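# Commentary on secondary and tertiary structure
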Amino acid sequence: MSTHQSKRLKNSTIGTFFKSVNEVPKTPDVDSSVVVDREIVETSAHKDQFFAHQVEQAAAVDSNQELILERDPGKRMQIWQYRVNQQDEIRRSYIKMGPYQFYLSKYPYSNNTKYPRRFQHSWFAQFPTWLEYSPTTDAAYCLPCYLFASKPNPRFGANAFTVAGFRNWKKVNDKKKCAFLSHVGDHSSTHFAAVKSCEDLMNQSRHIDNVMMNQSAEQILKNRLRLKTSIDCVRWLAYQSCPFRGHDEGPKSTNPGNFIEMVKLLARYNDKVSETVLEKAPHNAKYTSGKIQKEILHIIATKVRTKIREDIGDSKFCILVDEARDESKKEQMALVLRFVNKVGVLQERFFEIVSVKDTAALTLKCELSTILSHHALSVDNLRGQGYDGASNMRGEWNGLQALFLKDCPYAYYVHCFAHRLQLALVTASREVILVHQFFTKLDSIVNIVGASTKRNGELITAQQAEISRLISISELETGKGANQIGTLQRAGNTRWGSHFYSICSLLKMFNATGIVLQSIIVDGANFSQRGDADSAYSTMTSFQFVFILILMKEIMGITDVLCQALQQKSQDILNAMNLVLTTKQLLQKLRDNGWDAFLSDVTSFCESQDIEMPDMNGAYKVGRGKSIHQPRDINITIEHHFHFDIFNTTIDTQLKELNSRFCDQTVELLTLSLALDPSNSYKSFNADDICTLVEKYYPEDFTERERLLLKFQLQHYYLDVVKHPDLCQVPTLATLCEGLVQTKKSEIYYLVDRLIRLILLLPVSTATTERAFSAMKLTKTKLRNKMKMSFLEIACSYI
């Protein structure tokens, strides 16, 4: 290379590469605290001052003091060192002030003694929007990159224009390889992204809050209407326990599922809805996805639980728990809360259903404690437990009730009354041999007649003919809902009331069932079917079978009233005990005085069905065939056998079971609670028993002073309520509690009101938890057995 060429290259500085600037711009207004009018040389003293200044800024940030922004890029803190909630405001302040372009008549030279170079103020004109100069560090910086820089990049040179500063002035004169031009780069560079971020930050109209504010009122109304439509559809489907999703929800699907079809139905009857939903809605705001449906459903379930929690408040409560297996073979536990609300109304509200890994008492205890603590329900306020008779629930040492009693000794356990009654009915049906044989034969008749659709069809046809015949001879009355055609029902040991319904269905269809059995005897496919039908028909048309059939209808008709009452929501325990007592009294009355009327009904039925009646005065023979022998007392007649050996024995067995399973004399808590029973004009009222009840079973709910005051308050209470027109004839304790609140007597007799609320918390049955499992079976079926727990919250809204 020639000497001339070498001199020409050396003279090709950045001033010749860029457009030359002859005039020196004026010095802008800067903070006086950082203005210097001399050349700055980097010394150790300046470094110490620089680091001390950054320590002061960091201390100001940590103490939430008012920040004073440092203009000198060499002395200011890095943007990521500020609090996150301050960073955007600091960025805006720096952008408004602009880059710190410090002007000096002469800038300090670099440390290169052979080829010393220095910063040129003319570069500010070439890069006016981002170039900064620090007199403290004698380095160049980039304002946008500083404002939107992340934490230090370990790559060499990546932090030159943000943290360390750029001072290699030789690189600036390197033509197209100029360091400043390389830093700016193209549209994909980091510098360009930082400049764009600065523009977006200062463009307030593009911020999300302003974008939302600038939306038209019409668009807001459409969004609300679209969301309201989805909420209404979710609420209706949840309340009816219907499936939401379809197999194919695409635009070409003929049946996209209940939810989409419901939205279409609403759109068909409302033009405004039609103009805003589905295809006419924005793709990002249709509010019809499965995720949106679950979120709406979760909000509804949460609101229901929140309302229940608000109703409970700080008052005492009782838990009702049961477990069952769903269609996916998972163990599910249902929790129901029983409480008395502020207006004195007894409530049983389904609260939650959770999946448990097993049904061990400790596992159930942990899950229940988690739910209660999550909703701020203290175990110390627990005053009752209601479970079935399973060993993991009622165990006295390691059962669920025993575990809760360790935490709260006043959480008294009561075995579900409905389960007790069912156990009494099942046991009584097995104790008497002839009754046990009767139910076995009854199940056989139901199985034979209902074995196929053909036989069910024959049964329906026979019923239609029978009903038409009875109407023609004025034996049946016609009317709306009368004379319905049904099928024979099976009796189940675990289905409440199923024995009674099975007996009633056979009595109602007795003639039609005989016709079907005779048809099978003639037209049966094989000898086995014909033989079974012949045996069933012979049994069904025997006097003994009919006698026990009508007897069990009478007995279970009396107990079914109790069974249905125990399945009602919010039943108080004193009323349940009274129903048990009346049931026993009616059975005893049937035993003592009901034989003649009962035998007349049996005789009338046998005559109407052409069933041969035995000679009731004839001698009763024991055994069959050659083993026939006469009883020792030759005066025992057939009537005596049916009266005493079947009629009285069956009723006695039923009474024995009811007495053993509902023995209120063995439960002192329930016995003492009867002193508050308002039925029969407060006939059972006993102030001493009530005081004993408080002393022995609820000492933590009454202070010593209140227990002394209660005795005197009870005297005024009794004289007042007996004469009060709204309280003297109340039938149940739950009604009395409501009446005390309505008449403002609960404020006067507040101790009596508190005790009544505690007694009402004692559980009666777990029927509400059974309803939860019924709802779960409607929701989670065999076709939808992979449903997650989030969708099972439908049961919360359904119940």
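The following refers to the structure shown.

Now for the packing of helix 18 (residues 417-431) against helix 27 (residues 638-661). Contact geometry of helix 18 with helix 27 gives a least axis separation of 9 Å together with a crossing angle of 145 degrees. The crossing of helix 18 and helix 27 is right-handed. Contacts from Arg420, Leu421, Leu423, Ala424, Leu425, Thr427, Ala428 and Glu431 of helix 18 reach helix 27 at Thr653, Gln654, Glu657, Leu658 and Arg661. Per-class residue counts for the contact of helix 18 with helix 27 are six nonpolar, three polar and four charged.

Turning next to the packing of aromatic side chains. The geometry of an aromatic ring pair is captured by two quantities: the separation of the ring centres and the angle between the planes. Within this structure, the stated rule accounts for 37 aromatic pairs. When the centroid spacing of 5.8 Å and the interplanar angle of 45 degrees are considered together, the rings of Trp123 and Trp169 count as tilted. Placement of the pair is Trp123 in helix 5 (residues 123-126) and Trp169 in the loop between helix 7 (160-164) and helix 8 (179-184), with a sequence separation of 46 residues. For the pair shown, Trp123 and Trp169 are each scored as buried. Linked through ring pairs, Tyr103, Tyr107, Phe119, Trp123, Phe124, Phe127, Trp130, Tyr133, Phe161, Phe166, Trp169 and Phe180 together constitute an aromatic cluster. A cation over an aromatic ring shows up here: Arg76 above the ring of Tyr94, its NZ or CZ 5.5 Å from the ring centre. Over the ring of Tyr146 we find Arg76; its NZ or CZ atom is 3.9 Å from the centre of that ring.

Moving on, we get to the pattern of salt bridges. Using the criterion set out here, one finds 21 salt bridges in the structure. For Lys553, the salt bridge is made with Glu554, and the minimal N-O distance between the two is 3.7 Å. Lys553 gets classed as partly exposed once you look at its relative accessible area, which sits at 29%. Glu554 sits in the partly exposed class, given a relative accessible area of 25%. The partner of Arg754 in a salt bridge is Glu706, and the shortest N-O contact between them spans 2.9 Å. Note that Arg754 is positioned in helix 34 (residues 750-760) and Glu706 in helix 31 (residues 704-723), a separation of 48 residues in sequence. Among the residues examined, Arg754 registers a relative accessible area of 27% and is labelled partly exposed. Look at Glu706 and you get buried, because its relative accessible area is 15%.

Among the six residues of strand 6 (residues 382-387), six are classified as buried, and the element is accordingly described as predominantly covered. Pairing between strand 6 and strand 7 (residues 413-415): three bridges, direction parallel. Paired with Gly386 across the bridge in strand 7 is Val414.

The strand order 5-4-3-6-7 describes an open sheet built from five strands, whose pairing is mixed. Edge positions in the open sheet fall to strand 5 (346-356) and strand 7, since each of these has one partner strand only. Across this sheet, the average inter-strand angle for adjacent strands is 25 degrees, counted without regard to direction. As defined by bridge partners, strand 4 (residues 331-340) adjoins strand 5 across 10 bridges and the pair is classed as antiparallel. By the bridge assignment, Arg338 is partnered in strand 5 with Glu348. Packed onto the sheet, helix 17 (residues 400-407) meets strand 3 (317-325), strand 6 and strand 7 and runs at close to 175 degrees relative to strand 6.

Burial along strand 1 (residues 131-134) is two-sided: the residues Leu131 and Tyr133 and Glu132 and Ser134 are all buried. Direction of pairing for strand 1 relative to strand 2 (residues 139-142): antiparallel, over a ladder of four bridges. Its bridge partner being in strand 2, Leu131 is matched across the sheet by Cys142. Count of turn residues in the strand 1/strand 2 antiparallel hairpin: four residues, of which Asp138 carries a positive phi of about 50 degrees.

How each quantity is defined
Residues numbered from 1 in each chain as written. Predicted model: local features only at pLDDT ≥ 70, side-chain atom pairs only at ≥ 80, totals over all residues. Heavy atoms only, no water. Axes fitted to C-alpha atoms, helices over the stretch in contact; angles between N-to-C directions. Helix = DSSP H or I, 4+ residues; strand = E, 2+ residues; numbered from the N terminus. Left-handed = near helix turned anticlockwise from the far one by under 90°. Contact = heavy atoms within 4.5 Å. Nonpolar A, V, L, I, M, F, W, Y, C, P; charged D, E, K, R; others polar. Phe/Tyr/Trp six-rings, centres within 6.5 Å; stacked < 30°, edge-to-face > 60°. Buried < 20%, exposed > 50% of the residue type's maximum accessible area, 1.4 Å probe, protein only. Lys NZ or Arg CZ within 6 Å of the ring centre and 35° of its normal. Salt bridge = Lys/Arg side-chain N within 4 Å of Asp/Glu carboxyl O. Pairing = 2+ DSSP bridges.

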